[in-house]
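If you want the building blocks of each chain, they are given just below.
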Number of protein chains: 2
Amino acid sequence: MPLALAAMALSPSAAATQQSPEAATAVPQPRSAQELLDASSPSDWRTPDPANTLYMDLAAGRVVIELAPGFAPAHVANIRTLARERYWDGLSIYRSQDNFVVQFGDPTEDAAARKPIGSARPQLPAEFTRTSEGLAFDRLPDRDGWAPEVGFADGFPAARDPASGQAWLAHCYGTLGAGRDVAADSSNGTELYVVDGQSPRQLDRNITVVGRVVQGMELLSVIPRGPAPMGFYAHPEQRTPIRSIALAADLPEAQRTPLQLLRTDTALFAQLVEMRRNRRDDWYKVPAGHIDLCNVPLPVRAPPPAAAAE
Amino acid sequence: MPLALAAMALSPSAAATQQSPEAATAVPQPRSAQELLDASSPSDWRTPDPANTLYMDLAAGRVVIELAPGFAPAHVANIRTLARERYWDGLSIYRSQDNFVVQFGDPTEDAAARKPIGSARPQLPAEFTRTSEGLAFDRLPDRDGWAPEVGFADGFPAARDPASGQAWLAHCYGTLGAGRDVAADSSNGTELYVVDGQSPRQLDRNITVVGRVVQGMELLSVIPRGPAPMGFYAHPEQRTPIRSIALAADLPEAQRTPLQLLRTDTALFAQLVEMRRNRRDDWYKVPAGHIDLCNVPLPVRAPPPAAAAE
């Protein structure tokens, strides 16, 4: 039978080294990328600041978010306050629009009935873009339709416009943004959304991006969709309860999730990107010669024992 | 309180006309796009050929797929045979890799133990590309990093290379492809995958695309993810059973799901795309001036009563 079968990849070891089938449909790349990552040095990795790390705990598990104070300082400060005062505990994910976003916070319409925001600020400036001056930017050479230049800043997918001198965070899978009304400055950080569909880059420069999910996207991406067109649930019981959202810095060490993120300013990262831009394994017949910003993998790992002991 | 709230959008009527909040985070555009669609004429729509329409019935509901015989005639012919003989009935979705694909068919490793394919052909030619000669191509003016030209052919997101004279279907959200082994001609159409993450355009020209999900993506996109890196479930009971996959043409009229797809060769479609490329509503402050191929919406509707009566 000429067709090789999928099952070789069913065991984890086979998946790691797989030469096979439909399996291969997919991911010859983890194999070689993993080899690269296995050969990384400790300095290729960074540990997110606990003051910028948010844990969203759901019944299904923990979603880990890195905040982006370099781009949205006022929003991040407010989100830290809201998390410290456990604003979101007991609230819910109340919207899930297929191929777009999940959104959480307080869906209450009547302003007087909304959950009080404690000592958080009720109004914040729009933080859609920032100056690119002084911003380290690990630029991708690849062309992009949405922005003159794309790359990574503070480890986040980002874009830059040399003409305007502005930089901004890009809407990719996992991006966390602050929902707003028609007024540009109408977000206060209580209503947040996470992108779980095709990158909606049209939102770039139109809304304040506050961070990115770095672990646990698979918990958000499977949340049942609400009715079209916008994905707001018709019935409150369809919402997904949020047990808590807390800042890592506010939790005792034992309740934190240690992890490391691959730095984007290293030769290793550039190699990894090139490996995805031009696949050279047996499976790919035509290397793309290109990669889109939102297709670049941003690896995360548990700290290795040695690093944990440091 | 300066922050407008999300809940206005909670009722369907409000969602359709919403001016509001975090809600607006998202989708001011369906409002105006809907107005455009409401003003469409019957000739703006097409009804997919029942011989090219596949129904995947899950416990959760029906996924409707349009096949692409113009790009993968041999695969589509085999898939028609497999569906007619109910090859997939009782098989499963056995893989779900976050931000990538779900895959279904028979995961059995041992070739001798695999479900027989009946009168389907065990081997097919690779159908990665086709000649662009004679192919109607509704080109987008927007730049693309993956291909010299992108647009729509036979209603599918597609790409074209004037230098090589070749065209191919693009991997967007909802794309259906035929899994294969390392050999280019190792797919027979039994193992199929649907893209449910960021468009993996690197697969373009590397695998045979056989169609696209036109309705029911929200049933596939929420399927629980299998373990990393490839998403194959560790335990068979985690798989999602397939009740049946059948060709619309093989079912009695009463069991079919009537629907219409917006044509991509019309002035209306071009207007709709332009509306998304440059949003002019109150919510958007900076129109993107660009749209990526895989961000273009491809509307589907139930046939209006008049059309149904024709």
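The shown structure was predicted, so the numbers you read here are calculated from the model rather than taken from an experiment. (Residues numbered from 1 in each chain as written. Chains lettered and ligands numbered in written order. Predicted model: local features only at pLDDT ≥ 70, side-chain atom pairs only at ≥ 80, totals over all residues. Heavy atoms only, no water.)

Chemist: Report on the overall build of chain A, specifying residues and quantitative values.
Modeler: Of the regular secondary structure elements, chain A holds seven helices and 17 strands. Counting across all 310 residues of chain A, residues that qualify as buried make up 60%. Within chain A, contacts between residues separated by at least 24 positions form 69% of all contacts whose residues are at least 6 apart in sequence. Summing over all exposed atoms, chain A offers an accessible surface of approximately 11,300 Å²; the carbon and sulfur share of this is 53%. (Helix = DSSP H or I, 4+ residues; strand = E, 2+ residues; numbered from the N terminus. Buried < 20%, exposed > 50% of the residue type's maximum accessible area, 1.4 Å probe, protein only. Contact = heavy atoms within 4.5 Å. Areas by Shrake-Rupley, 256 points an atom, 1.4 Å probe, with all protein chains shown as cover.)

Chemist: Which residues make up the sheet that holds strand E17 (residues 300-301) of chain B, and what values go with them?
Modeler: Residues and elements named next belong to chain B. In space, the three strands of this open sheet follow the order E1-E16-E17, with antiparallel pairing throughout. With one partner strand each, in any of the chains shown, strand E1 (45-46) and E17 form the two edges of the open sheet. Two elements, strand E16 (residues 260-262) and E17, share two bridges in a ladder whose sense is antiparallel. Residue pairing across strands places Leu-261 opposite Val-300, the latter belonging to E17. (Pairing = 2+ DSSP bridges.)

Chemist: Lay out empty space enclosed by the protein in plain terms, naming residues and giving numbers.
Modeler: Inspection of the entire model under this criterion finds 10 cavities of 30 Å³ or more. In terms of lining, the largest cavity is formed by 16 residues, of which the most central are Asp-144, Gly-145, Trp-146 and Asp-292 of chain A together with Asp-292 of chain B. Grouping the amino acids of the lining of the largest cavity by side-chain chemistry returns four nonpolar, five polar and seven charged. (1 Å grid on protein atoms, 1.4 Å probe; cavity = no way out; pocket = protein on both sides within 12 Å on 5 of 7 lines; lining within 4 Å. Points joined across faces, edges and corners; volume = space filled by probe spheres on them. Nonpolar A, V, L, I, M, F, W, Y, C, P; charged D, E, K, R; others polar.)

Chemist: Now, about the sheet that holds strand E7 (residues 138-139) of chain B: what can you tell me, with residues and values included?
Modeler: All names here are of chain B. If you trace the five strands from one edge of the open sheet to the other, you get E6-E10-E9-E8-E7, paired in antiparallel fashion. Bordering the open sheet on either side are strand E6 (130-131) and E7, each of which pairs with just one other strand. Sheet analysis places strand E9 (residues 156-161) next to strand E10 (residues 166-169), joined by four bridges and oriented antiparallel. If you follow Ala-159 over to E10, its bridge partner there is Trp-168.

Chemist: So what about the pairing of strand E11 (residues 175-178) of chain A? Which residues, and what values?
Modeler: Residues and elements named next belong to chain A. Residue alternation in E11 divides its side chains into two sets, Thr-175 and Gly-177 and Leu-176 and Ala-178, and both sets are buried. Sheet analysis places E11 next to strand E13 (residues 208-215), joined by four bridges and oriented antiparallel. In the strand pairing of E13, Leu-176 is matched with Gly-211. By the bridge criterion, three bridges tie E11 to strand E12 (residues 192-195) in an arrangement that is antiparallel. Bridging from a neighbouring strand, Ala-178 pairs with Leu-192 of E12.

Chemist: Give me the lowdown on the environment of Glu-85 of chain A, citing residues and values where you can.
Modeler: Tracing the sequence through the fold places Glu-85 of chain A in the loop between helix H4 (73-84) and strand E4 (92-97). Residues Glu-85 of chain A and Ile-117 of chain A, spaced 32 residues apart in sequence, show a C-alpha to C-alpha distance of 8.6 Å.

Chemist: Could you give an account of the environment of Gln-215 of chain B, with specific residues and numbers?
Modeler: Inspection of the secondary structure puts Gln-215 of chain B in strand E13 (residues 208-215). The contacts of Gln-215 of chain B, once residues within four sequence positions are left out, are Arg-62, Val-63, Val-64, Thr-257, Leu-259 and Val-300 of chain B.

Chemist: Let's hear about the side chain of Asp-44 of chain A: which residues, and what values?
Modeler: All names here are of chain A. Considering the arrangement of structural elements, one finds Asp-44 in the loop between helix H3 (29-38) and strand E1 (45-46). Buried charged residue Asp-44 carries no salt bridge. Nearest counter-charge: Arg-263, at 7.0 Å. Those residues within four positions of Asp-44 in sequence are excluded, and the remaining contacts are Leu-261, Leu-262, Arg-263, Thr-266 and Leu-268. (Lys, Arg positive; Asp, Glu negative; His and termini not counted. Salt bridge = Lys/Arg side-chain N within 4 Å of Asp/Glu carboxyl O.)

Chemist: Give me the packing of aromatic side chains: which residues, what numbers.
Modeler: Under the definition given, this model contains eight aromatic pairs over all chains. Centroid distance Trp-283 of chain A to Tyr-284 of chain A: 4.8 Å. Interplanar angle 75°. Geometry classified as edge-to-face. With respect to class, Trp-283 of chain A is no different from Tyr-284 of chain A; both count as buried. Relative to Phe-269 of chain B, the ring of Phe-152 of chain B lies with its centre 5.3 Å away and its plane at 85°, an arrangement referred to as edge-to-face. Remark: Phe-269 of chain B occurs in helix H6 (residues 267-277) and Phe-152 of chain B occurs in strand E8 (residues 149-153); sequence separation between them is 117 residues. Each of the two residues, Phe-152 of chain B as well as Phe-269 of chain B, counts as buried. Over the ring of Tyr-55 of chain B we find Arg-62 of chain B, and its NZ or CZ is 3.9 Å from the ring centre. Looking at Lys-115 of chain B, its charged tip hangs above the ring of Tyr-87 of chain B, at a distance of 5.7 Å from the centre. (Phe/Tyr/Trp six-rings, centres within 6.5 Å; stacked < 30°, edge-to-face > 60°. Lys NZ or Arg CZ within 6 Å of the ring centre and 35° of its normal.)

Chemist: An account of the state of the cysteines is requested, with residue identities and associated values reported.
Modeler: All names here are of chain A. Tallying each qualifying case throughout the model produces two disulfides over all chains. One disulfide bridge connects Cys-172 with Cys-294, the sulfur atoms lying 1.9 Å from each other. Every disulfide takes its handedness from the sign of the S-S torsion; for Cys-172 and Cys-294 that torsion is -70°, giving left-handed. Pair noted here: Cys-172 is in the loop between strand E10 (166-169) and E11 and Cys-294 is in the loop between helix H6 (267-277) and strand E17 (300-301), with a separation of 122 residues, a long-range link. Both residues of the pair, Cys-172 and Cys-294, count as buried. (Disulfide = S-S within 2.5 Å.)

Chemist: Let's hear about the pattern of salt bridges: which residues, and what values?
Modeler: Under the counting rule described, the total for this entry stands at 30 salt bridges over all chains. Arg-46 of chain A is the salt-bridge partner of Glu-66 of chain A, the closest N and O atoms lying 2.9 Å from each other. Of this pair, Glu-66 of chain A sits in strand E3 (residues 61-67) while Arg-46 of chain A sits in strand E1, and the two are 20 residues apart along the sequence. Residue class for Glu-66 of chain A comes out buried when judged on its relative accessible area of 6%. We note a salt bridge from Glu-253 of chain B to Arg-256 of chain B, for which the minimum N-O separation is 3.6 Å. A relative accessible area of 62% means that Glu-253 of chain B is categorised as exposed.

Chemist: Help me get a handle on the side chain of Asn-295 of chain A, residues and values and all.
Modeler: Tracing the sequence through the fold places Asn-295 of chain A in the loop between H6 and E17. Its relative accessible area of 14% is what places Asn-295 of chain A among the buried residues. Setting aside its immediate chain neighbours within four residues, Asn-295 of chain A contacts Trp-146, Gln-198, Ser-199, Pro-200 and Gln-202 of chain B.

Chemist: Outline the pairing of strand E15 (residues 244-247) of chain A, listing residues and values.
Modeler: All names here are of chain A. Taking every second residue as pointing to the same face, both faces of E15 are buried, with Ser-244 and Ala-246 on one and Ile-245 and Leu-247 on the other. Where strand E2 (residues 53-58) lies against E15, four bridges are found, and the strand directions are antiparallel. Opposite Leu-54, over in E15, you have Leu-247 as the bridge partner.

Chemist: Mind laying out helix H4 (residues 73-84) of chain B, listing which residues take part and the relevant values?
Modeler: At 3.6 residues per turn, the α-helix brings residues three or four places apart onto the same side. All names here are of chain B. End to end, H4 covers 16 Å across 12 residues, agreeing with the expected 16 Å (1.5 Å per residue, within 8%). Every buried residue of H4 is listed here: Ala-74, His-75, Val-76, Asn-78, Ile-79, Thr-81, Leu-82 and Ala-83. The inward-facing, buried residues of H4 abut strand E2 (53-58), strand E3 (61-67), strand E11 (175-178), strand E12 (192-195), E13 and strand E15 (244-247). One or two positions beyond H4, positive phi appears at Arg-86, with a value near 60°. (Expected span 1.5 Å × (residues − 1).)

Chemist: So what about unusual backbone geometry? Which residues, and what values?
Modeler: All names here are of chain A. The peptide bond linking Ala-228 to Pro-229 adopts the cis configuration, its omega dihedral lying at 5°. Backbone geometry at Arg-86 places phi at a positive 55°, although glycine is not the residue there. Mapped onto the fold, Arg-86 is located in the loop between H4 and E4. With a relative accessible area of 34%, Arg-86 lands in the partly exposed category.

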